[in-house]
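Structure at a glance
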Amino acid sequence: MKNTPLAGLKVVELARVLAGPWVGQTLADLGAEVIKVESPEGDGTRQWGPPWIERENRAGEHIREAAYYHACNRGKQAIVADFKQADDLARVRDLCREADVVIENFKPGTLARFGLDYTSLASDNHGIVYCSITGFGQDGPRRDEPGYDFVIQGMSGFMALTGEPDGQPMKMGVSISDLSCGLYSTIAIQSALLMRARTGKGQHIDMSLLDCSVSLLANQAMSFFATGENPPRMGNAHAQVIPYGVYEVSDGHVILAPANDGLFVKLMHVLARPDLAADPRLASNAGRLENREWMEAEIVREVLGWTKDGILQSCKTAGVPAGPINQLDEVFADPQVCARGMQIDLPGGIAGVRSPFTFSDAQLALGKASPRLGEDQDSVRKG
């Protein structure tokens with residue numbers, strides 16, 4: 001067996017769509033045994049296509065599953081269970097009673113009807129770490145409402161901060177509320193396991209998509225607390241740092257991010273504008289913010305005469321943070337991304353993106369593709 005950080009940890013995943021399965025996949029990459037329990041219909045993301053991944057099922061029949069499903073279910077075992085069937089329910093209860101961790105994302109109170117809630121399972125398994133993921137948490141006036149990433153992005157303030165000033169509020173290009181909740185949940189689970197090592201007791205973890213998204217407001221929240229004013233949408237501009245954004249060049253766009261006084265001076269020399277580097281009005285970030293409009297106009301005019309490769313290479317030589325805006329084909333062809341092994345190849349010719357952990361004395365478990373529906377029905381039963 002590989003020297004994986006979470007080898008020997010047993011996880012039961014009673015979750016579907018993205019946030020919960022993202023936790024399960026992350027724990028599986030770290031070496032945990034993760035058993036995904038699905039209804040007879042399967043996780044709905046299996047049908048969220050196109051695009052599709054095609055392969056054979058257990059019976060050798062040709063099937064197709066959505067690429068979306070494969071983004072968050074790598075490395076798991078899978079069984080099918082109908083909670084309304086006594087034998088299936090008993091089997092799932094037995095798995096949970098033997099588990100170190102249970103992940104679930106049902107509406108509050110739903111699993112209590114089946115004896116799969118924390119209180120019921122902890123009566124037989126005092127060390128269980130039970131992570132509930134919902135839109136709004138286990139209490140509060142919205143506890144019974146469904147939570148969807150798009151809605152949470154709007155409610156959390158993300159969309160009020162994202163987009164051009166004169167355009168619509170915009171969501172992120174990925175499901176950031178689901179993904180951040182999945183990552184925060186993984187941190188919480190590992191923290192509870194470490195605490196269990198000290199106390200011998202597990203606990204119930206209550207994770208909310210809205211809580212996790214609000215927690216990511218970071219400096220924007222502090223700006224609001226400090227001023228009492230809502231930060232505006234600024235497109236690709238930065239509210240506190242200037243120059244810092246996307247700039248048009250002769251053959252596209254680049255990002256320039258000289259985030260301190262010294263880097264600003266270096267960029268001005270790259271642009272052959274020593275006059276701006278020496279201008280006392282621009283000597284500090286506060287001064288540059290005060291003179292944002294005319295200074296930006298000067299920089300925009302200078303940058304427009306460059307090519308992408310020309311300005312990026314010159315910035316690299318001068319030590320100025322800058323970069324391209326890559327399409328995904330460019331991302332996965334980038335020499336740095338390739339060197340770090342971020343794209344992985346799994347059995348069946350299925351590609352994936354590895355979890356971004358690199359240890360000095362441990363490996364990730366990356367040898368198993370996402371399971372077919374009920375793929376491990378018999379082997380998990382025997383285990």
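The notes below deal with the structure included here. Keep in mind the model is a prediction, meaning the values are calculated, not measured.

A count of helical and extended segments in the protein gives 17 helices and 13 strands. The dimensions of the protein, computed from C-alpha atoms along their principal axes, are 80 × 45 × 40 Å. For the protein, the residues scored as buried account for 43% of the 383 residues in total. Per element, the accessible surface of the protein, about 19800 Å² overall, is 55% carbon and sulfur.

The next subject is the pattern of salt bridges. Scanning the entire structure with this criterion turns up 21 salt bridges. A salt bridge links R46 to E65, with the shortest nitrogen-to-oxygen separation between them at 2.9 Å. With a gap of 19 residues between them, R46 in the loop between β2 (33-38) and β3 (52-56) and E65 in strand β4 (residues 62-66) connect regions that are remote in the sequence. Each member of the pair, R46 as well as E65, carries the same accessibility label: buried. The structure contains a network of salt bridges with shared partners spanning R273, D275, E298, R301 and E302.

Turning our eyes to something else, we now look at the nonpolar core. Counting residues in each nonpolar core, the largest one holds 34 residues, and the members touching the most others are L27, I103, I133 and I189. Where this core is concerned, the elements lending two or more residues are α1 (19-29), β6 (101-104), β7 (129-134), α7 (176-199), β8 (203-208), α8 (209-215) and β12 (343-346). Broken down by element, this core gets its largest block of residues, 5 residues, from α7. In contact with L27, not counting residues within four places along its chain, are L6, V11, A32, V34, I103, T186 and I189. Ranked by size, the runner-up nonpolar core spans 23 residues in total, among them L95, C96, F106 and L116.

Look at α1 against α7: their axes get within 8 Å of each other, and the N-to-C directions meet at 50°. Classified by the interaxial angle, the pair formed by α1 and α7 is oblique. Crossing of α1 over α7 shows right-handed handedness. Where α1 abuts α7, its residues A19, W22, V23, T26 and L27 lie against D178, L179, G182, L183, S185, T186 and I189.

So, on to the packing of aromatic side chains. If you walk through the whole model with that rule in mind, you get 6 aromatic pairs. These aromatic residues form a ring-pair network of at least three members: F83, F106 and F114. Cation over ring: R16 sits above F106, and NZ or CZ is 4.2 Å from the ring centre. The lysine or arginine in question, K171, covers the ring of F150, its NZ or CZ lying 5.9 Å from the ring centre.

Let us now look at the sheet that holds β2. Taken in spatial order, the 6 strands line up as β5-β2-β1-β6-β7-β8 in an open sheet, and their pairing is parallel. Whereas interior strands pair on both sides, the edge strands pair on one side only; in this sheet they are β5 (77-80) and β8. Put simply, the sheet's adjacent strands are angled 20° from each other on average, direction ignored. In terms of strand pairing, β7 meets β8 through 6 bridges, oriented parallel. Note that in β8 the partner of Y130 across the bridge is H204. Here α7 sits on the sheet in contact with β6, β7 and β8, set at roughly 165° to β8.

The rules behind the values
- Residues numbered from 1 in each chain as written.
- Predicted model: local features only at pLDDT ≥ 70, side-chain atom pairs only at ≥ 80, totals over all residues.
- Heavy atoms only, no water.
- Helix = DSSP H or I, 4+ residues; strand = E, 2+ residues; numbered from the N terminus.
- Buried < 20%, exposed > 50% of the residue type's maximum accessible area, 1.4 Å probe, protein only.
- Areas by Shrake-Rupley, 256 points an atom, 1.4 Å probe, with all protein chains shown as cover.
- Salt bridge = Lys/Arg side-chain N within 4 Å of Asp/Glu carboxyl O.
- Core = buried A, V, L, I, M, F, W, Y, C linked by side-chain atoms within 4.5 Å.
- Contact = heavy atoms within 4.5 Å.
- Axes fitted to C-alpha atoms, helices over the stretch in contact; angles between N-to-C directions.
- Parallel < 35°, antiparallel > 145°, perpendicular 65-115°, else oblique.
- Left-handed = near helix turned anticlockwise from the far one by under 90°.
- Phe/Tyr/Trp six-rings, centres within 6.5 Å; stacked < 30°, edge-to-face > 60°.
- Lys NZ or Arg CZ within 6 Å of the ring centre and 35° of its normal.
- Pairing = 2+ DSSP bridges.

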